[in-house]
Amino acid sequence: MAARAVVVVAAGSGTRLGLGTAKAFVPVAGERMLVRALRTVLSLAEPTLVVVVAPADRMDECRALVADVAGAASEYLTVVPGGADRHASVQAGLAVLPDSVATVLVHDAARCLTPASQFERVFAAVGSGDAVESGADAVAGGVGVVPALPVTDTVKRVAGDVVVETVDRSALVGVQTPQGFPLAALRRAYAVAERAETDDAGVFQAAGGAVRTVPGDADAFKVTTRWDLGRAEAVVAERAGARSVDPRVDVRVGLGVDVHAFDPDVPCRVGMLDFPGEPGLSGHSDGDAVAHAVCDALLSAGGLGDIGGRFGTSDPRFAGASGDVFVRGAVALLRDAGLEPVRVTVQVIGNRPRIGARRDEMQDALAAAVGAPVAVSGTTTDGLGFTGRGEGLTAIATALVRSR
């Protein structure tokens, strides 16, 4: 089985939320907090045992919910009843883990939007921690790790409603979950700890353990009040891109590809830039494969044919024409069709010319013709094919356009 585990504490009553049900079973944007928390844990790359500490009066419901979320990974998940308080609930979760587990994370289901990257940061930090030796009753065998965010508000110490002093916030952090520990050490800490401690790191420290921090995440906030619940639903909506979209806006994507062989007898022009000393590209026009690919991508997005059909080699006006002519021509055709460019990306494939040092200049030149941002990147084929042999250049472009 897995050498690491997560205890998900989901037995809280949710009194401050005031919705009359256990907090972990309250839906956030249509999905219960516990479900959202478990989906994140189940997305971790390395196999992980998961213990869900559930309200004692909702065990059957929780088992069914967990089995549905876990699917094929059900063998890794266990549900146990919680205790009278969080201390007892965490102990219940730790008790069922096999001794083969080296590292355990304790996580509050109410922090249901915590990203998977935060779990991985804590696991990694616990795994690299040093042994702790601080007396006969100390916790030995590693360090505790908590995700933390700096305190940004000004902090005041008060007596009643009277401000006494301003507290230096530079040494203050707000801690989140999951909090990670060596399993054996955390069990020993809970066995001797006072119940007054409010979080797992406090229990661990009270027993003599050292605790360190890793960066937290703003989305790992705890849903405690109805305002928090509304905030969580807003974050979910933003993640899903669930902003209102005007149905009258028509968005389209196009693809363009152009290939030209090198011709040392003509000037080199790529991406609307001149490259002195480099062999040029053969063609009826200036052979600018990058500009031609952009042109084709724009025409493709608009359903307007291709560069050969619109600006054919039989037309003497385009003999030796620069790539700028074709790109601006494609934009004009889009405009006539009631469309406009939104963004273009181009991949340049070939050994030469090297575009890295002039990427920003090339992007600016192309964007000026397109009338929208253009991103350029370059790669080679590691010596394979005609581009690898230095016989020519390929450009692949994608374009996003929309109705005006």
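Structure: see above.
A quick note: this is a predicted structure, and the numbers were derived from the prediction, not measured.

(A) Spotlight on the nonpolar core. With 43 residues, the main nonpolar core has Leu298 and Val346 as its most contacted residues. Of all the secondary structure elements, the ones that give two or more residues to this core are helix H8 (289-302), helix H10 (323-336), strand S17 (339-349), helix H11 (359-370), strand S18 (374-379) and strand S19 (392-403). When residues in this core are grouped by element, the largest group, ten residues, is from H8. What Leu298 contacts, discounting residues up to four positions off in sequence, is Val327, Ala330, Val331, Leu334, Pro341, Val344, Val370, Ala399 and Val401. One finds Ala10, Leu34, Val66 and Phe119 within the second-largest nonpolar core, a separate group that totals 32 residues.

(B) Layout of the packing of H8 against H10. The contact between H8 and H10 brings their axes to 8 Å, and the two run at 10°. Judged by the angle between their axes, H8 and H10 are roughly parallel. Seen from H8, the contacting residues are Ala291, His292, Val294, Cys295, Leu298, Leu299 and Gly302; seen from H10, they are Gly323, Phe326, Val327, Ala330, Val331, Leu333 and Leu334. Here the residues of the contact of H8 with H10 sort into eleven nonpolar, three polar and no charged.

(C) Up close: helix H3 (residues 86-95). The complete set of buried residues in H3 reads His87, Ala88, Ser89, Val90, Gly93 and Leu94. Buried residues in H3 make contact with strand S1 (4-9), strand S4 (49-54), strand S5 (77-81), strand S6 (103-108), helix H5 (183-192) and helix H6 (200-206).

(D) Fine view of the layout of surface pockets. Its volume calculated, the largest pocket comes out at about 440 Å³. Looking at the largest pocket, it is lined by 21 residues, and the ones nearest its centre are Ala11, Gly12, Ser13, Lys23 and Lys222. Of the residues belonging to the lining of the largest pocket, the class tally is eight nonpolar, seven polar and six charged.

(E) Expanded view of the pairing of S6. When you tally the buried positions in S6, you get six out of six residues, the bulk of the element. One ladder, built from four bridges, connects S6 with strand S11 (residues 179-182); its direction is antiparallel. Looking at the pairing, Leu105 lines up with Gly180 of S11.

Conventions adopted
Throughout this description, residue numbers start from 1 for each chain and increase along the sequence as written. Only residues with pLDDT of at least 70 are given local features in this predicted model, and only at 80 or more are side-chain atom pairs given and counted; all residues enter the totals for whole chains, interfaces and linings. Processing note: side-chain calculations cover all non-hydrogen atoms of the structure and skip hydrogens and water entirely. Each nonpolar core is a collection of buried residues, namely Ala, Val, Leu, Ile, Met, Phe, Trp, Tyr and Cys, held together in the definition by side-chain atoms within 4.5 Å. A 1.4 Å probe rolled over the protein chains alone gives each residue an accessible area, and that area as a share of the maximum for its type sets the label: buried under 20%, exposed over 50%, partly exposed in between. Going along the chain from the N terminus, every DSSP run of H or I of four or more residues is numbered as a helix, and every run of E of two or more is numbered as a strand. We call two residues contacting when some pair of their heavy atoms lies within 4.5 Å. Geometry is summarised by axes, namely lines fitted to C-alpha atoms with helices restricted to the contacting stretch, and by angles between N-to-C directions that run from 0 to 180 degrees. Angle categories are assigned with fixed cut-offs, so that under 35 degrees is roughly parallel, over 145 is roughly antiparallel, 65 to 115 is roughly perpendicular, and the rest are oblique. For this classification, Asp, Glu, Lys and Arg are treated as charged, while Ala, Val, Leu, Ile, Met, Phe, Trp, Tyr, Cys and Pro are nonpolar and the rest, including Gly, are polar. Using protein atoms alone on a 1 Å grid, points that fit a 1.4 Å probe yet trap it form a cavity, whereas open point sets bounded by protein on both sides within 12 Å along at least five of seven lines form a pocket; residues with an atom within 4 Å of a point count as lining. Grid points are joined across faces, edges and corners, and a volume is the space filled by probe spheres set on the points. Strand pairing requires that DSSP identify at least two bridges connecting the strands.

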